[in-house]
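The residues making up each chain are set out below.
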Amino acid sequence: MSADSSTPDRTAATAGPSPSAATAPGPQPEPLRFFGTTWVGHDNGYAARRAGVAVGSLLASAAGCFVLRFAYEGMAIAAVGTFVNFLVLIMFSICSAIAFRRTWEGFTRRHDPASQSSMRGLMTIGFVGVLLAYFFRSLTEAPGEQLHREEYETARAQYAKRTSRRTGNPSRKKKG
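Model, not experiment: these values are computed from the prediction.

Visitor: Any chance you could explain the overall build of the chain here in plain terms?
Guide: Secondary structure assignment for the chain yields 7 helices and 0 strands. Put simply, the chain runs from its N terminus to its C terminus through helices and strands in the order α-α-α-α-α-α-α. Residues classed as buried in the chain amount to 28% of the 176 residues present. Considering only contacts within the chain whose residues lie at least 6 apart along the sequence, 62% involve residues at least 24 apart.

Visitor: Hey, could you run me through unusual backbone geometry in this one?
Guide: Most peptide bonds take the trans configuration, and most residues that are not glycine carry a negative phi. Positive phi outside glycine occurs at Phe-34, with the angle close to 75°. Mapped onto the fold, Phe-34 is located in the loop between helix H1 (19–22) and helix H2 (46–78). At Ala-79, a position not held by glycine, the phi torsion is positive, near 55°. Summarising the element assignment, Ala-79 is placed in the loop between H2 and helix H3 (82–106).

Visitor: What exactly am I supposed to notice about H2 here?
Guide: Along an α-helix, residues three or four positions apart point the same way, because every turn accommodates 3.6 residues. Here H2 is 33 residues long and its end C-alpha atoms lie 47 Å apart, about the 48 Å a rise of 1.5 Å per residue gives. Those residues of H2 not exposed but buried are Tyr-46, Val-53, Ala-54, Ser-57, Ser-61, Gly-64 and Met-75. As for H2, its buried residues are in contact with H3, helix H6 (127–138) and helix H7 (145–163). A positive backbone phi angle near 55° is found at Ala-79, which sits one or two residues after H2.

Visitor: Would you mind going over the environment of Ala-99 with me for this structure?
Guide: Among the secondary structure elements, Ala-99 is positioned in helix H3. Along the primary structure Ala-99 and Val-130 are separated by 31 residues, whereas in three dimensions their C-alpha atoms are 5.6 Å apart.

Visitor: Help me understand the pattern of salt bridges, please; the structure alone is not making it clear to me.
Guide: Summed over the entire model, instances satisfying the criterion amount to 7 salt bridges. For Glu-73, the salt bridge is made with Arg-69, and the minimal N-O distance between the two is 3.2 Å. Taken together, the residues Glu-73 and Arg-69, both in helix H2 and 4 residues apart, mark about one turn of the helix. Classification of Glu-73 as partly exposed rests on a relative accessible area of 31%. Looking at Arg-69, the relative accessible area reads 48%, which means it is partly exposed. The shortest N-O distance in the salt bridge between Arg-110 and Glu-151 comes to 2.9 Å. Pair noted here: Arg-110 is in the loop between H3 and helix H4 (113–118) and Glu-151 is in helix H7, with a separation of 41 residues, a long-range link. With relative accessibility at 28%, the residue Arg-110 sits in the partly exposed group.

Visitor: When you look at the layout of surface pockets in this model, what are you seeing that I'm missing?
Guide: Leftover empty space is mapped by rolling, across the atoms, a probe with the size of a water molecule. Here the second largest pocket is characterised by a volume of approximately 190 Å³. In terms of lining residues, the second largest pocket is bounded by Cys-65, Leu-68, Arg-69, Ala-71, Tyr-72, Met-75, Val-88, Leu-89, Phe-92 and Ser-96. Counting residues per element, the ones that place at least two in the lining of the second largest pocket are H2 and H3. When residues of the lining of the second largest pocket are assigned to their parent elements, the largest contribution, 6 residues, is made by H2. Considered class by class, the residues forming the lining of the second largest pocket number 8 nonpolar, 1 polar and 1 charged.

Rules behind the numbers
- Residues numbered from 1 in each chain as written.
- Predicted model: local features only at pLDDT ≥ 70, side-chain atom pairs only at ≥ 80, totals over all residues.
- Heavy atoms only, no water.
- Helix = DSSP H or I, 4+ residues; strand = E, 2+ residues; numbered from the N terminus.
- Buried < 20%, exposed > 50% of the residue type's maximum accessible area, 1.4 Å probe, protein only.
- Contact = heavy atoms within 4.5 Å.
- Expected span 1.5 Å × (residues − 1).
- Salt bridge = Lys/Arg side-chain N within 4 Å of Asp/Glu carboxyl O.
- 1 Å grid on protein atoms, 1.4 Å probe; cavity = no way out; pocket = protein on both sides within 12 Å on 5 of 7 lines; lining within 4 Å.
- Points joined across faces, edges and corners; volume = space filled by probe spheres on them.
- Nonpolar A, V, L, I, M, F, W, Y, C, P; charged D, E, K, R; others polar.

Take it as geometry only, folks, not as evidence of what the structure does.
Structure below.
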């Protein structure tokens, strides 16, 4: 994403939903990861992409849990103790829960960049929660579609309001 990703008003450089819409004046839709701008009109394989994201994120979270199981078994083989095993299990559980909630909230509102960078480590540890949030959101819509649609519609309304002008001079109206 670009540095100005917090502003929904896009230039024609960002591809729109179709070639004719890309040259249309006004704000352009912001592309979503894995979806591009297909979320605007639900066209060009939108349903297949949503299914792919759902299946992919579920498979990735299952693979992540499988890897974490091996790590847990490795700690058991190393005999680090019950207390350390318990702490690691609690840490991954809490980080995954926080990462799920934060990712889920990120689909409906933007987080400030400072908060995002400070949470990057926790989100990495809780990657299973992030993947599960993507899975559950992709069952109903493209992850982040609601937020982007609201911003895009607001930008379009503001653009229409800015560009609609009165025609003529009101003081020269014909008096009937």
